[in-house]
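Chain by chain, the residues run as shown.
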Amino acid sequence: MELIKIEFGLFFWTVVVFLIFFFILKKYAWGPILQGIKTREETIKGRLDEAEKARDEMSKLQAKNEELLQKARKERDELLKQANKMKDQIITEARAKAGEEATKVLEKAKQEIEADKKAALAEIKVTSGALAVEIAEKILRKQFADRNQQQALADQLISELNNN
Amino acid sequence: MSLKRLLIVSILAIFCTQFAFASNPEEGGKEFNVGQHLMHHVLDSYDWELTEYKTGEDSAGNPIYGHLAIHLPRILYSSEHGLEFYSSTDAMRASGKYEVDSHGHAHIGHAGSESDHDHGPAVYDFSLTKTVVQMILISLLMLWIFGSMAKRYKKDPNRAPKGAQSLFEPIVIFVKDDIVAPNLKERTDGFLPYMLTLFFFIWFSNVFGLMPFNSNIMGNITVTTALALLTFILTNVNGTKDYWKHVFAMPGVPGWLWPLITVLEILGLFIKPFALTLRLFANIVGGHFMILSLVALIFILGQNGQLAWAGIAASPIAILFPAILMLLEFLVAGLQAYIFTLLTAVFIGMALESHDHEHAH
């Protein structure tokens, strides 16, 4: 049976051709191809890991940001509160001070007015006294031109004094 | 650069042989012998026949056929003539040193008997037959495809695959992850180049064998035997202590049974590659026979042109069925490559295994 006969030459060539090309392919094809596939697999894995890491970091960062924001918000509220408080305080203080000042000014003005009034009154007294004396002198000079009248007044005055 | 030069030189070397329009008149007018034709188609030969053509008619009006063929070189070694090269079988025959039988085999001093039992002095025939040349061509094709693929990986492995790369990379990864890795585990990297060569060599051979003019490499038992022998050697060379212990002193089996078990185990060592040989050979040659037989239906029913209408009537079936079978054969081409590689990986994996003997076998 030719079909199932092992041919020596063909057997020899099969082994030779197969092994020669196996070694050539191993060196020039499979080596670089498998290395390339491995490299790519590793690269992809590395990139995925990196992405994962980046995502983690991102979420961590985001959480941190959120926290910071929260803190900032709180701080702002605090500040606002404080500012409000301060404002109120300042206003109150200012109002109080202004009131005080106003009172002081008023007081001073009153005092000045009082002093002026006193001075004016004193002057009026002095002036009116002088005027009265002058008028009285003039009246008296006229009335007491005659001696009798002078005597009568003098008597009257003496009696008044005595009555007192 | 050197790789490309190697390719070109090799191709030229193969085709240095003449491209001959030989006209060896056959006896015309004989009954169309289907069996003989099928055999001729499936078997290896010393020239690459492209087609037959009618060269004339003999006196009785029967056609005479000539062959259009590429003559392949003959390389022979015998103790009488030493190592000899001839450009073709014709040249060898013309030298007068060898007798040539109907298959083209060379013999010394043994008048062209058809017998397989050669009584003359041994002639070692290293001729580059059709199958050898086809194997070299396929290997060169693999070298070209995978060599150019490799260049892309060398340039930048991280680039997305392109062209042939995107076709073959998934297959390479399939061989790596689904055939070799599950069986060879941590030894995968070392055996992977061999397994890839084996897989693609068988697959390409099978696919090309389905195309016209090509030789059915894996439908040749010599080739499958050679490949199975390599598997056998790889398996046993890599056998661990455990592996041999399982052969010669099966653990968990009483000592008096060891001789029996050892006989079976040693038989098993040879049966495994033998099964590999036959499986691949039978699948491929069987497929070829099926397709060829169905096509031959035209000639059988047409009775070599004497009953032309029957031949014509048979032709739809004789064309449709082989077409369907061809699709099946394309599947088988890959499947057998897969099975051969897988089993090789399994056998080597078994030989590499070293395990504790607590569990039962």
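Worth saying up front: this structure is predicted, and the values here are computed from it rather than measured. (Residues numbered from 1 in each chain as written. Chains lettered and ligands numbered in written order. Predicted model: local features only at pLDDT ≥ 70, side-chain atom pairs only at ≥ 80, totals over all residues. Heavy atoms only, no water.)

Student: Quick one: what's the story with the overall build of chain B, residue by residue and with numbers?
Tutor: Of regular secondary structure, chain B possesses ten helices and eight strands. Here chain B holds 361 residues, and 46% of them are scored as buried. A separation threshold of at least 6 residues defines the contact pool for chain B, and within that pool the share at least 24 residues apart is 65%. Entry remark: accessible area of chain B is about 18,300 Å², with carbon and sulfur atoms responsible for 67%. (Helix = DSSP H or I, 4+ residues; strand = E, 2+ residues; numbered from the N terminus. Buried < 20%, exposed > 50% of the residue type's maximum accessible area, 1.4 Å probe, protein only. Contact = heavy atoms within 4.5 Å. Areas by Shrake-Rupley, 256 points an atom, 1.4 Å probe, with all protein chains shown as cover.)

Student: So what's going on with the nonpolar core? Residues and values would help.
Tutor: The tendency in soluble globular proteins is for nonpolar side chains to be buried side by side. Core analysis: the largest hydrophobic core is formed by 68 residues, its most contacted members being A:Trp30, A:Ile33, B:Phe146, B:Phe200, B:Met218 and B:Leu227. Of all the elements, helix H1 (residues 8-143) of chain A adds the most residues to this core, at 14 residues. Residues within four places of B:Phe146 in sequence aside, it is in contact with A:Leu25, A:Ala29, A:Trp30, A:Ile33, B:Phe168, B:Phe200 and B:Phe204. (Core = buried A, V, L, I, M, F, W, Y, C linked by side-chain atoms within 4.5 Å.)

Student: Describe the packing of aromatic side chains, naming the residues involved and giving the relevant values.
Tutor: Tallied over the full model, the rule gives 27 aromatic pairs over all chains. Here the aromatic residues A:Trp30, B:Phe146, B:Phe168, B:Phe199, B:Phe200, B:Trp203 and B:Phe204 are joined through ring pairs into a cluster of three or more. The ring of A:Tyr28 has A:Lys27 sitting right over it, with the charged end atom 4.9 Å from the ring centre. Over the face of the ring belonging to B:Tyr46 we find B:Arg74, whose NZ or CZ atom lies 3.5 Å from the ring centre. (Phe/Tyr/Trp six-rings, centres within 6.5 Å; stacked < 30°, edge-to-face > 60°. Lys NZ or Arg CZ within 6 Å of the ring centre and 35° of its normal.)

Student: For the domain arrangement of chain B, give the residues involved together with the corresponding values.
Tutor: Under the domain assignment, chain B is made up of domain 1 (73-125) and domain 2 (130-352). Taking only C-alpha atoms into account, the centre of domain 1 of chain B sits 32 Å from that of domain 2 of chain B. (Domains from an automatic or database assignment.)

Student: Break down helix H5 (residues 164-184) of chain B for me, with residues and values.
Tutor: Along H5(B), the sharpest change in direction is near 25° and occurs at B:Lys176. Where H5(B) is buried, its residues touch H1 of chain A together with helix H4 (130-155), helix H6 (188-209) and helix H10 (308-352) of chain B. Phi turns positive one or two residues past the end of H5(B), at B:Lys185, with a value near 50°. (Bend = angle between axes of the 7 residues up to and from the residue.)

Student: A description of unusual backbone geometry should follow, citing residues and the corresponding values.
Tutor: Residues and elements named next belong to chain B. Positive phi, normally seen in glycine, also occurs at Lys185, with a value near 50°. You can call Lys185 exposed: its relative accessible area is 51%. Even without being glycine, Phe213 reaches a positive phi, approximately 75°. One can find Phe213 in the loop between H6 and helix H7 (221-237).

Student: Tell me about the sheet that holds strand S8 (residues 123-125) of chain B, and please be specific about residues and values.
Tutor: All names here are of chain B. Taken in spatial order, the three strands of this open sheet run S5-S4-S8, and their pairing is antiparallel. Strand pairing shows two members of the sheet lacking a second neighbour, strand S5 (82-86) and S8, which therefore form its edges. If you compare each strand with its neighbour and ignore which way they point, the axes differ by 25° on average. Two strands pair when backbone bridges link them, and strand S4 (residues 74-78) and S5 are joined in this way by five bridges, in the antiparallel orientation. (Pairing = 2+ DSSP bridges. Axes fitted to C-alpha atoms, helices over the stretch in contact; angles between N-to-C directions.)

Student: How would you summarise the pairing of strand S3 (residues 63-71) of chain B if you had to cite specific residues and measurements?
Tutor: Across the nine residues of S3(B), seven count as buried, placing the element largely inside the fold. Here strand S2 (residues 47-57) of chain B folds back onto S3(B), and the loop between the two strands holds five residues, one of which, B:Gly61, carries a positive phi near 85°.

Student: Please give an account of the side chain of B:Asp125 that cites residues and values.
Tutor: Summarising the element assignment, B:Asp125 is placed in strand S8. A polar side-chain atom of B:Asp125 sits 2.3 Å from a polar atom in the side chain of B:Ser127. If we skip the residues at most four places from it in the chain, B:Asp125 touches A:Gly9, B:Tyr46, B:Arg74, B:Ile75, B:Leu76 and B:Ala106. (Polar contact = N/O pair within 3.5 Å; in protein donor to acceptor, adjacent residues only side chain to side chain.)

Student: Pulling in residues and values, what's your account of the packing of H1(A) against H6(B)?
Tutor: It is the contact of H1(A) with H6(B), at a shortest axis distance of 9 Å, that shows an interaxial angle of 115°. Here H1(A) and H6(B) pass one another in a crossing that is right-handed. For the pair H1(A) and H6(B), the contacting residues are A:Phe18, A:Phe22, A:Leu25, A:Lys26, A:Trp30, A:Leu34 and A:Lys38 in the first and B:Asp189, B:Leu192, B:Pro193, B:Tyr194, B:Leu196, B:Thr197, B:Leu198, B:Phe200 and B:Phe201 in the second. (Left-handed = near helix turned anticlockwise from the far one by under 90°.)

Student: Break down a positive patch on the surface for me, with residues and values.
Tutor: A surface patch of like charges, here positive, comprises A:Lys27, B:Lys151, B:Lys154, B:Lys155, B:Arg159 and B:Lys162. For the positive patch, the leading source of residues is H4(B), giving three residues. The exposure class assigned to B:Lys154 is exposed, which follows from its relative accessible area of 59%. (Patch = residues over 30% accessible without salt bridge, like charges linked within 9 Å, V, L, I, M, F, W, Y side chains within 5 Å. Salt bridge = Lys/Arg side-chain N within 4 Å of Asp/Glu carboxyl O. Lys, Arg positive; Asp, Glu negative; His and termini not counted. Charge placed at Lys NZ, Arg CZ, Asp CG, Glu CD.)

Student: Give me the interface of chain B and chain A: which residues, what numbers.
Tutor: Taken together, the contact pairs 60 residues of chain B with 36 residues of chain A. Between A:Glu41 and B:Lys176 there is a salt bridge whose closest N-O contact spans 3.6 Å. Taken together, chain B and chain A are joined by ten residue pairs in polar contact (both at pLDDT 80 or more). Counting residues per element, the ones that place at least two in the side of chain B that touches chain A are helix H1 (2-15), helix H2 (34-42), S8, H4, H5, H6, H7 and helix H9 (258-301) of chain B.

Student: How would you explain the packing of H4(B) against H6(B) if you had to name every residue and give the values?
Tutor: All names here are of chain B. The contact between H4 and H6 brings their axes to 10 Å, and the two run at 120°. Relative to H6, the element H4 is oriented oblique. Handedness of the crossing formed by H4 with H6: right-handed. Contacts between H4 and H6 involve Gln134, Met135, Ile138, Ser139, Leu141, Met142, Ile145 and Phe146 from the first element and Thr197, Phe200, Phe201, Phe204, Ser205 and Phe208 from the second. (Parallel < 35°, antiparallel > 145°, perpendicular 65-115°, else oblique.)

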